[in-house]
Amino acid sequence: MTRFLVVLTDVRPLDGLWRNERTSPERRRQVVGASSREAADRIAGAFMALGMVRAGRQRVKVIAVGRRPRTPDHLN
């Protein structure tokens, strides 16, 4: 079963040419779990209405957790 995380993070300045979430992730402000994509989208929509998100100082991410990677073995 795929669960979803809705993450509210601070936007950090660009370090060099790229942002790499694995080596230097953005600071998390709020993390909320959801059992369906529809619920995650509703929560993300509420977060997107916040002033800091609208001003570009924070961002909202919806992350699927528990999903298997799509490879040719999984397509059969």
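The structure under discussion appears in the preceding block.
Cut-off values and rules
- Residues numbered from 1 in each chain as written.
- Predicted model: local features only at pLDDT ≥ 70, side-chain atom pairs only at ≥ 80, totals over all residues.
- Heavy atoms only, no water.
- Helix = DSSP H or I, 4+ residues; strand = E, 2+ residues; numbered from the N terminus.
- Buried < 20%, exposed > 50% of the residue type's maximum accessible area, 1.4 Å probe, protein only.
- Contact = heavy atoms within 4.5 Å.
- Expected span 1.5 Å × (residues − 1).
- Arc of directions from axis to C-beta.
- Pairing = 2+ DSSP bridges.
- Axes fitted to C-alpha atoms, helices over the stretch in contact; angles between N-to-C directions.
- Core = buried A, V, L, I, M, F, W, Y, C linked by side-chain atoms within 4.5 Å.

### Remarks on the overall build of the protein chain
Here is step 1: When helices and strands are tallied, the protein chain shows two helices and three strands.
Here is step 2: In the protein chain, the order of α-helices and β-strands from amino to carboxyl end is β-β-α-α-β.
Here is step 3: Looking at the protein chain residue by residue over its 76 residues, the buried ones come to 20%.
Here is step 4: Looking at the protein chain alone, contacts between residues at least 24 apart form 62% of all its contacts between residues at least 6 apart.

### Topic: helix α1 (residues 37-48)
At 3.6 residues per turn, the α-helix brings residues three or four places apart onto the same side.
Here is step 1: Between its first and last C-alpha atoms α1 spans 16 Å; for twelve residues at 1.5 Å apiece the expected length is 16 Å, and the two agree.
Here is step 2: All of the buried residues along α1 are Ala40, Ala44 and Phe47. Around the axis of α1, the buried residues are gathered within 55° of arc, so they sit on the same side. Facing away from the buried side of α1 by more than 90 degrees, the exposed set consists of Glu38 and Arg42.
Here is step 3: Looking at the packing, one finds that the buried side of α1 touches β1 (3-10), β2 (28-34), α2 (51-54) and β3 (58-65).

### Concerning the environment of methionine 48
Here is step 1: Mapped onto the elements of the fold, methionine 48 is located in helix α1.
Here is step 2: Separated by 40 residues in sequence, methionine 48 and leucine 8 have C-alpha atoms that sit 9.1 Å apart.
Here is step 3: For methionine 48, the contacting residues outside a window of four places in its chain are Val53, Arg54 and Val60.

### Some details on the sheet that holds β1
Here is step 1: Ordered by their spatial adjacency, three strands build an open sheet running β2-β1-β3, and the pairing between neighbours is antiparallel. Either end of the sheet is taken by a strand with one partner, and the two such strands are β2 and β3. Averaged over neighbouring strand pairs, the angle between their axes works out to 20° when direction is ignored.

### Re the nonpolar core
Here is step 1: Membership of the largest hydrophobic core is limited to eight residues, which are Phe4, Val6, Leu8, Ala34, Ala40, Ala44, Phe47 and Val53.
Here is step 2: Taken together, the elements giving at least two residues each to this core come down to β1 and α1.
Here is step 3: When near neighbours in sequence (up to four residues on either side) are disregarded, phenylalanine 47 contacts Val6, Leu8, Gln30, Val32, Val53 and Val60.

This is a description of form; function is not addressed.
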